[in-house]
Amino acid sequence: MSSDSHTSVCHLPARSGRVRASSAMAGSVLALAGIVASLSPAARAADQQLVISVYGFAQDAFSEIVYKPFEAQCDCELIVETGNSVERLAKLEARKDDPEIDMAVMSTHDALSASRKGITQAIDVSRLSNHGKLYDIAKDPLGDHLGIGYTFYATSIVYRTDKVSIDSWQDLFKEEIKGRVAFPNVSTNQGPPALYMLGKAMGETDSTLAAPIAAVAEHADDIVTFYERSSQVAQLMQQEEILAAPIGRFAWGAYTKMDLPLAWATPSEGQTGGMNVMILTKGAKNEDLAYQFMDFWLSTEIQTALAEALVDSPANAEVEVSDEIAANLTYGADTVSTLDLLAPDIILDNREQWLESWNNSVTQ
């Protein structure tokens, strides 16, 4: 999900000039003073450091809601490294025999890749008091407890309700919106899931995605752009150059602020999406702290605060938020039950072939 193109390291206690939290986030932060005290006491870890690797987005919010409250609880120093998935996975692999990083968060397929490279170890879920509170799809998404889901998001179609109705993924090719559609590039996190759902609408669910890629190729001249970043879609929609596009729910907030009649589609074939997971590195030097931090992040209180700040959709099923907040998240048991997620091994084992097929037919 991250769009960062660089890697940075944040030593929280030495950091200065922090960006001030928004008023909405500030309310959640103030409430955390009581939250930290109410959580189960953790072993004191004076003079210890926990090194984590995370996506680069919303780091000011994560600092206020997760990092600093955890440091106050554990009496330890939290060192945060950020960067895009490729950079972070490469660094984990380069240091797998002498890991610098104790735990990391990444997509399910990147986490599976890390496991296959011998970077990670199974997580002992008995050490996570909040594991049982998670939605079932987040408890063991990789198998063998190689990752624990902490957030997920839906992928569906945003569209102009005054111009078109979207009842199926195939409606992206309707005549009335010909030349007014954006579609995610296959190389993005949204690309394969959108193609999968298009294939499902066509009655083709083969893991090669051959049928939906061929369909996109057939309509390529009618598609405004094969986007790389979600911000591109929001700009095109605001400029009224497009009328529909598949997007991730995490980007929906930008559309709610537009003075346009927009809706989030609920296609008959369902919605797809993605999930991010926590992983534990093999040979982690601060394993006990890593477990404490994972459990802290998965707690109802912290997951609620992140949801209310519109940072992450909660994987903790106990989280309750207002209807206004829920409208901007992938939230609730009913929504979660509709998610038809591509299995991480399907993505990992097929993405090079998908890219080749795409390049040969869509972008030729």
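Our structure's up above, just so we're on the same page.
Here goes a summary of the coordinates provided. All residue numbers refer to positions counted from 1 along the written sequence of the respective chain. Where totals are concerned, whole chains, interfaces and linings use all residues; where local detail is concerned, this predicted model gives features only for residues with pLDDT of at least 70, and gives and counts side-chain atom pairs only at 80 or more. The side-chain numbers reported here are obtained from all heavy atoms of the structure, hydrogens and water having been left aside.

1. Points about the overall build of the protein chain
Here comes step 1: When helices and strands are counted, the protein chain shows 14 helices and 11 strands.
Here comes step 2: For each residue, the accessible area found with a 1.4 Å probe, counting protein chains only, is set against the maximum for its type, and the residue is called buried under 20%, exposed over 50%, and partly exposed in between. Looking at the protein chain as a whole, 55% of its 364 residues are labelled buried.
Here comes step 3: The contact criterion used is simple: two residues touch if any of their non-hydrogen atoms lie within 4.5 Å. Here the analysis covers contacts within the protein chain between residues at least 6 apart in sequence; of these, 76% occur between residues at least 24 apart.
Here comes step 4: Using a 1.4 Å probe, accessible areas were evaluated by the Shrake-Rupley method; residue-level cover was limited to the displayed protein chains. Accessible surface, the protein chain as shown: approximately 15300 Å² in total, 46% of it carbon and sulfur. Numbered from the N terminus, helices here are DSSP runs of H or I no shorter than four residues, and strands are runs of E no shorter than two.

2. Digging into the pairing of strand β6 (residues 148-160)
If a strand is regular, its side chains alternate between the two faces of the sheet.
Here comes step 1: Counting buried positions along β6 gives 13 out of 13 residues, so the element sits mostly inside the fold.
Here comes step 2: One requirement defines pairing of two strands: DSSP has to find at least two bridges between them. With seven bridges joining them, β6 and strand β11 (residues 272-281) adopt antiparallel strand pairing. The residue of β11 that forms the bridge with A154 is G273.
Here comes step 3: Judged from the five bridges that link them, β6 and strand β9 (residues 244-248) form a sheet pairing that is antiparallel. Bridge pairing links T155 to G248 in β9.

3. Structural notes on the pairing of β9
Here comes step 1: Counting buried positions over the five residues of β9 gives five, a clear majority of the element.
Here comes step 2: Here β9 shows no split at all, with A244, P246 and G248 on one side and A245 and I247 on the other all buried.

4. Details of unusual backbone geometry
Here comes step 1: Its identity is not glycine, yet D75 carries a phi of approximately 55°, on the positive side.
Here comes step 2: Mapped onto the secondary structure, D75 falls in the loop between α2 (59-74) and β3 (77-82).
Here comes step 3: For L209, which is not glycine, the phi dihedral falls at a positive 55°.
Here comes step 4: Relative to the elements of secondary structure, L209 occurs in the loop between α6 (191-201) and α7 (210-218).
Here comes step 5: Accessibility expressed as a relative area gives 4% for L209, which makes it buried.

5. Comments concerning the state of the cysteines
Here comes step 1: Cysteine sulfur pairs qualify as disulfides if the two atoms are within 2.5 Å. Throughout the structure, instances matching the rule amount to one disulfide.
Here comes step 2: The disulfide partner of C74 is C76, and the gap between their sulfur atoms is 1.8 Å. Sign of the S-S torsion, about -75° for the bond between C74 and C76, identifies this disulfide as left-handed.
Here comes step 3: In this structure C74 comes out as buried when scored by relative accessible area, which is 0%.
Here comes step 4: A residue is classified by how much of its surface remains accessible, and C76, at 10% relative accessible area, is buried.

6. Description of the nonpolar core
Here comes step 1: Ranked by internal contacts, the top residues of the largest apolar core, which has 76 residues, are I52, V66, Y67, M106, Y255 and F293.
Here comes step 2: Of all the elements, helix α10 (residues 287-298) adds the most residues to this core, at eight residues.
Here comes step 3: Note that the domain bounds reflect an automated or database-derived domain assignment. Looking at which domains feed residues into this core, each of domain 1 (49-152 + 274-343) and domain 2 (155-273 + 345-361) supplies at least three.
Here comes step 4: In terms of nonpolar packing, the next biggest core, distinct from the first, is built from 31 residues, F183, L243, A244 and I347 among them. Residue types Ala, Val, Leu, Ile, Met, Phe, Trp, Tyr and Cys, when buried and joined through side-chain atoms within 4.5 Å, form a set referred to as a nonpolar core.

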